[in-house]
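# Working through the structure, step by step
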Amino acid sequence: MAHYGYDDVKATIMRNLRKAETVTAEMVSNEIRMLLDAFRAANLVDDIDADALYRDITSQISVWQPDPSVLRDKKHINWLPEWRAQIKWGFWERYLEYLEEQKNWSQNITNKLHAITDSILGDLGNPNGSGSWDRRGMVVGDVQSGKTANYTGLICKAADAGYKLIIVLAGMTNDLRSQTQSRLDSEFLGFESEVGKLHQNGSRIGVGKLEDHGQLIAQPLTYSSKDGDFRAKTGTNFKLGGNPLLLVVKKNTSVLKRILAWVESQGTTNPETGEKTLYDIPLLLLDDEADNASVNTKSEDSDPTAINKAIRKILRTFAQSSYVGYTATPFANIFIMPDDEKADPSSHGRDLFPRNFIYYINPPVNYVGAARVFGFPEEIDGIDAEDHSLPLIRSAEDAQNAFPLKHNKHQNVDALPDSLIEAIHAFIIVCAARRARGHHRVDNSMLIHVTRFNNVQAQVIDLVETEIVNIQRMLEYRTGSQAKALLSSLQKFWYDDFQPTSDAVVSETNDSTLTGLEWDEVEAELLDSTLKIQVRGINGDAGGVLDYADNPNGLHVIAVGGDKLSRGLTLEGLSVSYYIRPAKNYDTLLQMGRWFGYRPGYLDLCRLYTTEELVGWYQHISLATEELKREFRLMELSNLTPEEYGLKVRTHPAGLSITAANKIRHGRSMQVTFSGQVSQTTVFHKNGDLQKGNFDHTARWLIQRGQEVATKNENIIWAGVSAADVIRFLNGFEAHPLCRKADTELLAKYIEKLNGYGELRSWTVMLLSSRTARNRAKIAGRDIGLIQRTDSTREHDIYMLKNANILSPADQYVDLDDDQIDEARRLTVQAWEEGKSRAKKRPDEPSGPFIRAVRPRENGLLLIYPLDPAEILSDGKPVSDSPFIGFAISFPRGSRDDLVEYKVNTTYWQDRYGSDEDDDEF
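Thresholds applied
Residues numbered from 1 in each chain as written. Predicted model: local features only at pLDDT ≥ 70, side-chain atom pairs only at ≥ 80, totals over all residues. Heavy atoms only, no water. Helix = DSSP H or I, 4+ residues; strand = E, 2+ residues; numbered from the N terminus. Buried < 20%, exposed > 50% of the residue type's maximum accessible area, 1.4 Å probe, protein only. Contact = heavy atoms within 4.5 Å. pLDDT = per-residue confidence, 0-100. Pairing = 2+ DSSP bridges. Axes fitted to C-alpha atoms, helices over the stretch in contact; angles between N-to-C directions. Phe/Tyr/Trp six-rings, centres within 6.5 Å; stacked < 30°, edge-to-face > 60°. Patch = residues over 30% accessible without salt bridge, like charges linked within 9 Å, V, L, I, M, F, W, Y side chains within 5 Å. Areas by Shrake-Rupley, 256 points an atom, 1.4 Å probe, with all protein chains shown as cover. Salt bridge = Lys/Arg side-chain N within 4 Å of Asp/Glu carboxyl O. Lys, Arg positive; Asp, Glu negative; His and termini not counted. Charge placed at Lys NZ, Arg CZ, Asp CG, Glu CD. Core = buried A, V, L, I, M, F, W, Y, C linked by side-chain atoms within 4.5 Å. Parallel < 35°, antiparallel > 145°, perpendicular 65-115°, else oblique. Nonpolar A, V, L, I, M, F, W, Y, C, P; charged D, E, K, R; others polar. Left-handed = near helix turned anticlockwise from the far one by under 90°.

With that settled, the discussion passes to the overall build of the protein. Of the regular secondary structure elements, the protein holds 27 helices and 30 strands. Looking at the 922 residues of the protein, the share that counts as buried comes to 59%. For the protein, long-range pairs separated by at least 24 residues make up 79% of all intrachain contacts whose partners lie at least 6 apart in sequence.

Structure follows, in structure tokens:
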């Protein structure tokens, strides 16, 4: 007789609730009560906590997901509404049932997935239509937010609609390709593609175990084993045009060339050009991690990169093709220069710019991304200055002793850092606490990413395995002083860290599934949960694999790796991450954040051990990505096209430092506007001579301003300063290139250009002075209290301001009158009432964007900040006796939104930001 566990009962209740149009809390309670009463009477159910089940189900069915933002071309006509009734949606309906019945997805989320994939399908070419078409698009979603589910749904619908060949480009490694193949085996094909590999139900897996969907046939030409990529002999017996064919392949030149040869062998030769073309064989090519390797990093005037060229040639071979790039980091793709539609495409076919559509898939409200983990910098348009980041980050500064910043493959690791030992203890507690909450058959993962070198990773693996074995033995036998010390340490860790953190996260999120626990409940689960923990090396040498699917009762794993853990690979049930490896580019750092995603019922238990430097970089990333999203939404409201978006992003002053230099084409003209923005120095060279030069230049420039017109809270104010004088200040000041919005050359050009239109002609200048300063200095003959700003990085050559901010919003309205300030306050409150602000409380003060909105167009504001150098150290020594000078400029919204233009290429980038290859040293 069948016996039902927690997950079985939950699935049954969710299935019953889906029958109702509207689900109420009372309905959930009644369903739980009736089902548990019936099962208990028949002795068919485990001891299940009805209250926990109620919290779990109500939390899941209440998840809301915003609509996507979409840009599309204006020529395409959505073909799907006319054809919908003629299509048999077998693959899609089976997948939908799988998500709802097996994965317990709420109907809110599956309805949203249905609508979004319908919309994307309608933006592709009609596989039932005649003639030739070539559609290019991109779907952007946050890291670990569900992009794979989106493109799996699209694949199902495309196969139903009539696409005959579906190619999925699944990253750069065998592990990632194999993981993607296994996912599609389970959720699209319904059977194990690897020959001879059987599961509990034979070869049937995932959707294949569902009944009443008839015979759905799609044939894989690639397999789930690590060596299951496309081989030339694989395709010889398969002709295109029959049942849908699926290929899941690496982005590898040799593999792509084999595919090209295979499809060309079935094409028709054009007698004039000799080119092969396939007609009436609709191709859907999905490019997962589309910003990685697919983007052409060479000038179009020379040969494109090999992978980019191969993808374009495959698309060009089909008379009917649709290309969709999926990525969480679209920066490089946006910088692809759109093709000139009037010009003939190159012999490789048009480049991969998403000229026909771009979707930004807003994640559900329970998604935890960079902004939620790290918080925003203080100043960002339309977002309140309050920091609502979750208290989940812990320090790993001591890791630098074992893994120096620029170590090499010969680095010797004798012992694990104390912070890594603590992180392992945290993982043990998490596994036990989840069991105490009833999460028994679940995966639990820990990530350790400290080096890119395999032999250094091997030493870490050995040390971690030794640590885990020792802990397992002490928990199992519980004898001796060491065992007592371990239990005492874990108990103290629970009370000092986990309990207060859980209380804070529950308060912040109001998540009812994060139920309170007592230590004795957790301690009772320590042994069973710890005995399940395995240590796996995930790199080319270790041969480890994260085989979650082969562990139906849950895999508990500590994954130690490097690059293979950096992009695309999913770690199920990831709770503790130990990550100290820096990278320069936003897209690289975001992809390394495997800890983003969904953490139902255990978000409060999650921990990220990292460095202050990396926290600072991720806060920068939160800002840059939010700005791009907002730019996207503004352009959607303006009904603009992807090409116009690609060009618009180039105008953003933050647009350069977000991706590798070679992904931005050689010698391109770039443009920028500062209209309605604030530009500020947030990163400084730790160079005493340079900072002394900036200080002397600023002091001389202020002396030339003469007598101040006012003082306010000790701040010195000059009015009526000319644009020419402000330009002279900027031209003599050297800012750090990582200050994305404080490029003094561009700022000077912008002011000069706007000045020609009668704007930005009269400036207010304020020299800030702290009334609570620890140290003071003479600047331009005035006694100034030096301002303290925390250094958020320990690097010897960079001083980075914590929260990437030098100013406070109130600094920006020093020269505005009461009516202007009241209007800025009114606009701030209005934005909050319309849900455009993240502030929990009604704001009392005006925020930066609205202060700048009311600023007169002819008036700019220059704020000068003398920063206290006392705590700015390099290698433990003070950098300079002179104050560090920072500045901020508050720009009004211009009437013309004019742009300044400059050239950018790889040399320009490397002069300012350093070589991209430097990352290989870390």
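This brings us to the confidence of the model for the protein. Counting all residues, the mean pLDDT for the protein is 83, and 82% of those residues have values of 70 or more. Throughout residues 299–303 the model reports pLDDT below 50, and contacts reaching past four residues in sequence, or to other chains, amount to 7 contacts. Under a pLDDT of 50 for its full length, residues 340–344 has, in the predicted model, 5 contacts with residues more than four places off or in other chains.

Strand order in the open sheet formed by 6 strands is β18-β29-β26-β22-β21-β20, with mixed pairing between adjacent strands. Strands at the two margins of the open sheet, each flanked by one partner only, are β18 (678–680) and β20 (710–712). Across this sheet, the average inter-strand angle for adjacent strands is 20°, counted without regard to direction. Examined bridge by bridge, strand β22 (residues 762–767) and strand β26 (residues 859–867) share 6 bridges and lie parallel to one another. Within the sheet, the bridge partner assigned to T764 lies in β26 and is L861. Contacting β21 (715–722), β22, β26 and β29 (884–890), helix α23 (residues 723–731) crosses the sheet at an angle of about 115° to β21.

Time to look at the pairing of strand β8 (residues 283–288). Looking along a regular strand, one sees side chains alternate from face to face of the sheet. When you tally the buried positions in β8, you get 6 out of 6 residues, the bulk of the element. The two faces of β8 match: L283, L285 and D287 on one face and L284, L286 and D288 on the other face are all buried. In terms of strand pairing, strand β3 (residues 165–170) meets β8 through 6 bridges, oriented parallel. Looking across to β8, one finds that L169 is bridged to D287. Examined bridge by bridge, β8 and strand β9 (residues 320–327) share 6 bridges and lie parallel to one another. Directly across from L285, in β9, lies its bridge partner Y323.

All right, on to the sheet that holds strand β1 (residues 69–72) then. Taking strand neighbours across the sheet as the criterion, the 8 strands line up as β1-β10-β2-β9-β8-β3-β5-β4 in an open arrangement whose pairing is mixed. Edge positions in the sheet fall to β1 and β4 (219–220), since each of these pairs with one other strand and no more. With 4 bridges joining them, β1 and strand β10 (residues 357–361) adopt antiparallel strand pairing. The residue bridging V70 from the neighbouring strand is Y359, located in β10. Packed on one face of the sheet, helix α10 (residues 306–317) meets β2 (133–141), β3, β8 and β9 and runs near 160° to β8.

A full pass over the atoms with the stated rule returns 23 aromatic pairs. Relative to W262, the ring of F230 lies with its centre 5.5 Å away and its plane at 45°, an arrangement referred to as tilted. A residue pair is termed long-range when its members are at least 10 positions apart, and F230 in the loop between β4 and β5 (245–249) and W262 in helix α9 (residues 253–264) qualify at 32 residues. Here the two residues F230 and W262 agree in accessibility, since each one is buried. A ring pair is formed by F733 and F887, whose centres lie 5.2 Å apart and whose planes are at 85°; its orientation type is edge-to-face.

So, about a negative patch on the surface. On the surface, D7, D8, D46, D47, D49 and D51 cluster together into a patch of negative charge. Here D46 is to be found in the loop between α2 (25–41) and α3 (50–61). Residue classification places D46 among the partly exposed positions, given a relative accessible area of 36%.

The next thing to look at is the nonpolar core. If you look at the biggest cluster of nonpolar residues, it comprises 123 residues, and the most contacted ones within it are I448, I558, Y578, F596 and W763. Sequence-distant contacts of F596, defined by excluding residues within four places in its chain, comprise V143, Q144, Y367, V368, G369, A370, V373, F374, L590 and Y618. In terms of nonpolar packing, the next biggest core, distinct from the first, is built from 45 residues, Y98, V207, V248 and L286 among them.

As a further point, take the packing of helix α14 (residues 418–436) against helix α16 (residues 480–509). Put simply, α14 and α16 touch, their axes get as near as 11 Å, and they point 80° apart. With respect to α16, the element α14 is oriented roughly perpendicular. Counting all contacts with α14, which are made through E422, H425, A426, I429, V430 and A433, the residues of α16 involved are L486, S489, L490, F493, W494 and F498. Taken together, the residues of the contact of α14 with α16 break down into 9 nonpolar, 2 polar and 1 charged.

Let us now look at the pattern of salt bridges. The tally for this structure, following the rule as stated, stands at 32 salt bridges. K250 is the partner of D229 in a salt bridge, and the nearest nitrogen-oxygen pair spans 3.0 Å. Of this pair, D229 sits in the loop between β4 and β5 while K250 sits in the loop between β5 and α9, and the two are 21 residues apart along the sequence. For the residue pair D229 and K250, the accessibility class agrees, reading buried in each case. A salt bridge links R316 to E275; the shortest N-O distance between them is 3.4 Å. Taken together, the residues span a long stretch of sequence, with R316 in helix α10 and E275 in the loop between β6 (268–269) and β7 (276–277) at a distance of 41 residues. On the accessibility criterion, R316 (32% relative accessible area) is partly exposed. Taken together, the salt bridges that share partners define one network made up of R84, D118 and K157.

The N-to-C vectors of helix α22 (residues 688–703) and α23 enclose an angle of 165°; their axes lie 10 Å apart at closest approach. Of the possible angle classes, the one that applies to α22 and α23 is roughly antiparallel. Two packed elements cross with a definite hand, and for α22 against α23 that hand is right-handed. Note on element contacts: α23 touches α22 through D725, V726, R728 and F729, opposite H697, T698 and W701. Here the residues of the contact of α22 with α23 sort into 3 nonpolar, 2 polar and 2 charged.

Before going further, it helps to spend a moment on the side chain of T501. Looking at the secondary structure, you find T501 in helix α16. What T501 contacts, discounting residues up to four positions off in sequence, is P391, L392, R394, D604 and R607.

In an α-helix, one full turn covers 3.6 residues, which means residues spaced three or four apart are oriented alike. Turning to α23, its buried residues number three or more, namely A723, D725, V726, I727, F729 and L730. Each element contacted by the buried residues of α23 is listed here: α22, β21, α24 (744–755), β22, β26 and β29.

In this section: the side chain of S322. Counting through the fold element by element, S322 comes out in strand β9. Exposure remark for S322: the relative accessible area of 0% places this residue in the buried category. When sequence neighbours within four positions are dropped, the list of residues in contact with S322 reads L124, G125, W133, R135, Y163, L283, L284 and L285.

Moving on, we get to unusual backbone geometry. Phi is positive for D212, close to 70°, though the residue is something other than glycine. Relative to the assigned elements, D212 resides in the loop between α8 (174–189) and β4. We note that L760 has phi near 55°; this positive angle belongs to a residue other than glycine. Along the chain, L760 turns up in the loop between α24 and β22.

With that settled, the discussion passes to the environment of K75. Looking at where K75 falls in the secondary structure, it is placed in the loop between β1 and α4 (80–83). The exposure class of K75 is exposed, given its relative accessible area of 76%. Separated by 281 residues in sequence, K75 and N356 have C-alpha atoms that sit 8.9 Å apart.

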